[in-house]
Amino acid sequence: MNSLLEVSGVSKEYKKGSQSFLAVSQVDFSIAQGETFGLIGESGSGKSTLGKMITGLEHPTSGSLLYKGSPLWQGSKFSRLKPGEMQIVFQDPQSSLDPRMRIQAIITEPLLALPPAERAAKGSTEKLHALITRVGLKVEHLNRYPHEFSGGQRQRIAIARALITDPAFVVLDEPTSALDVSVQAHVLNLLQELKRERNLTYLFISHNMAVIRYMCDRMAVMKQGRIVETGSVADIFSHPEDAYTKTLLSSLPSLHAKRVDTTCLTEQN
Ligand SMILES: Nc1ncnc2c1ncn2[C@@H]1O[C@H](COP(=O)(O)OP(=O)(O)OP(=O)(O)O)[C@@H](O)[C@H]1O
């Protein structure tokens, strides 16, 4: 298996005055090229902190993060191999989109990190129109503001913003948790399709076992900053070993549902 990302012994300690708190403790896992790797755990278990360390938004206290075999962190500096190679989509599109910016400016903002020629190529009118249409929105939406859209549409805008740089690796941090159930499956299906079309690798963070089962190839279960179980989704769902994983599975309403239910949905975008 070719690892795209290798996380080894990674910890994150937050300090507040004389107090310190270990949000992530000695975490190890790897993600192969083309895989969707799920991270599940209760609120506060360290999932988002891990996603932020991988994408350079938080600095690990210790441990190593290798991307394509090269360290992501050099001392206290995050070193991406190529700007825009990694992107992150956050849970709440309401707060992650600047209300004062038009959609076109929001989607093209990540291109500012790219060299001018690449910025021009990736932000061409043709590419922008193709991308906005591909995520299920319209070209005329580019002139509007975030408040003019539904939650599902706003998350489609956030997905377009993440993809404009043609990333290879995307962290999806609870990308559908803030959405109505009727909209969730549409956005999940869009993410699956985009992954296939663009040869993406995902780290998919969720607290919903059904969503992890639907989306992921392998997964890790986190509790209080530690990984308690890692394996293929099929193995963990059929033979969970850790007591906490068993608890998560027992709280799943329909353990035998292989898919997120898309049958009774109405498209709300
Ligand atoms: N910047 C910070 N300063 C101090 N503590 C923090 C900071 N960010 C996160 N924490 C703490 O670290 C722990 C892990 O938080 P994190 O957001 O990673 O958890 P999570 O598993 O993603 O939770 P959720 O599912 O609710 O998003 C929590 O106890 C949180 O309060």
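Along each chain, numbering runs from 1 in the same order as the chain's sequence is written. Thresholds applied to this predicted model are a pLDDT of at least 70 for local features of residues and 80 or more for the giving and counting of side-chain atom pairs; totals over whole chains, interfaces and linings are not thresholded and use all residues.

Chemist: Looking at this structure, I do not really get the pairing of strand S1 (residues 3-16). What am I missing?
Modeler: Each regular strand displays side chains that alternate between the two surfaces of the sheet. As paired strands, S1 and strand S2 (residues 19-32) are joined by 10 bridges and run antiparallel to one another. Residue pairing in the sheet places Ser 3 in a bridge with Ala 32 of S2. Adjacent in sequence and paired antiparallel, S1 and S2 are bridged by two residues, among which Gly 17 carries a positive phi angle near 60°. As paired elements, S1 and strand S4 (residues 62-67) share five bridges and run antiparallel to each other. When the sheet's bridge partners are listed, Leu 5 is paired in S4 with Tyr 67. Pairing between two strands requires that DSSP report at least two bridges joining them. Starting at the N terminus, helices and strands are each numbered in turn, a helix being any DSSP run of H or I of at least four residues and a strand any DSSP run of E of at least two.

Chemist: How should I be thinking about unusual backbone geometry in this particular structure?
Modeler: What you tend to see is this: most non-glycine residues have negative phi, and most peptide bonds are trans. Phi at Lys 68 is positive, roughly 50°, even though this residue is not glycine. Each residue is classed by its C-beta neighbour count within 10 Å, where at least 20 other C-beta atoms makes it buried, 12 or fewer makes it exposed, and intermediate counts make it partly exposed; the C-beta atoms are placed from backbone geometry. Judged by local crowding, Lys 68 falls into the partly exposed class, with 16 C-beta atoms found within 10 Å. Of note, the phi angle at Glu 174 is positive, near 50°, even though the residue is not glycine. Mapped onto the elements, Glu 174 comes out in the loop between strand S9 (169-173) and helix H7 (181-198). The exposure class assigned to Glu 174 is buried, which follows from the 20 C-beta atoms found within 10 Å.

Chemist: Is there a simple way to explain the site of the ligand in this structure?
Modeler: A molecule or strand has a residue near it when that residue's C-beta atom, placed from backbone coordinates, lies within 6 Å of it. If you check the shell around the ligand, you find Tyr 14, Phe 21, Ala 23, Gly 41, Ser 43, Gly 44, Ser 45, Gly 46, Lys 47, Ser 48, Thr 49 and His 207 and nothing else. Breaking the shell around the ligand down by element, the ones donating at least two residues are S2 and helix H1 (47-54). Considering each element in turn, the shell around the ligand owes the most residues, three residues, to H1. Here the term charged refers only to Asp, Glu, Lys and Arg, the term nonpolar to Ala, Val, Leu, Ile, Met, Phe, Trp, Tyr, Cys and Pro, and the term polar to all other amino acids, Gly among them. Of the residues contributing to the shell around the ligand, the split by class is three nonpolar, eight polar and one charged.

Chemist: Would you mind going over the sheet that holds strand S8 (residues 86-89) with me for this structure?
Modeler: The strand order across the open sheet formed by six strands is S8-S9-S10-S3-S11-S12, and the pairing between neighbours is mixed. Both outer strands of the open sheet, S8 and strand S12 (226-232), are each paired with one neighbouring strand and no more. Each strand of the sheet is rotated relative to its neighbour by a mean of 15°, with strand direction disregarded. Pairing of S9 with strand S10 (residues 201-206), which is carried by five bridges, proceeds in the parallel orientation. Residue pairing across strands places Leu 172 opposite Phe 204, the latter belonging to S10. Helix-sheet contacts for H1 involve strand S3 (36-41), S8, S9, S10 and strand S11 (218-223), and the interaxial angle to S10 is about 155°. For helices, the fitted line uses only the C-alpha atoms of the stretch in contact; every axis is such a line through C-alpha atoms, and the angle between N-to-C directions lies from 0 to 180 degrees. Note on contacts: residues are paired as contacts if their backbone-placed C-beta atoms lie within 7 Å.

Chemist: Help me out: how do you make sense of H1 in this one?
Modeler: Because each turn of an α-helix spans 3.6 residues, side chains separated by three or four positions in sequence point in the same direction. Counting buried residues along H1, seven of its eight residues qualify, which places the element largely inside the surrounding structure. Once H1 finishes, Gly 56 follows within two positions and takes phi at roughly 85°, a positive value.

Chemist: So what exactly am I meant to see when it comes to the packing of helix H6 (residues 151-163) against H7 here?
Modeler: For the pair H6 and H7, interaxial distance at closest approach is 10 Å and the crossing angle is 15°. One element, H6, and the other, H7, form an angle in the roughly parallel class. Crossing geometry of H6 relative to H7 is assigned as right-handed. Along the contact surface, H6 presents Gly 151, Gly 152, Gln 155, Ile 159 and Leu 163, while H7 presents Val 183, His 186, Val 187, Leu 190, Leu 194 and Arg 198. Grouping the amino acids of the contact of H6 with H7 by side-chain chemistry returns six nonpolar, four polar and one charged. Each angle is binned into one of four classes, with values under 35 degrees roughly parallel, values over 145 roughly antiparallel, values of 65 to 115 roughly perpendicular, and all other values oblique. With the far helix as reference, a near helix turned anticlockwise by less than a right angle produces a left-handed crossing, and one turned clockwise produces a right-handed crossing.

Chemist: Is there a simple way to explain the nonpolar core in this structure?
Modeler: Note that soluble globular proteins tend to have their nonpolar side chains buried in a common cluster. Take the buried Ala, Val, Leu, Ile, Met, Phe, Trp, Tyr and Cys residues, join any whose C-beta atoms are within 7 Å, and the set you get is a nonpolar core. By size, the foremost hydrophobic cluster in this structure holds 67 residues, and its most contacted members are Ala 160 and Leu 203. Ranked by the residues each element gives to this core, the list is headed by H6, at six residues. Beyond its immediate sequence surroundings of up to four residues, Leu 203 is in contact with Ile 31, Phe 37, Leu 39, Gly 51, Ile 54 and Val 171.

So, to be careful, I would describe these as geometric facts and stop short of saying anything about function.
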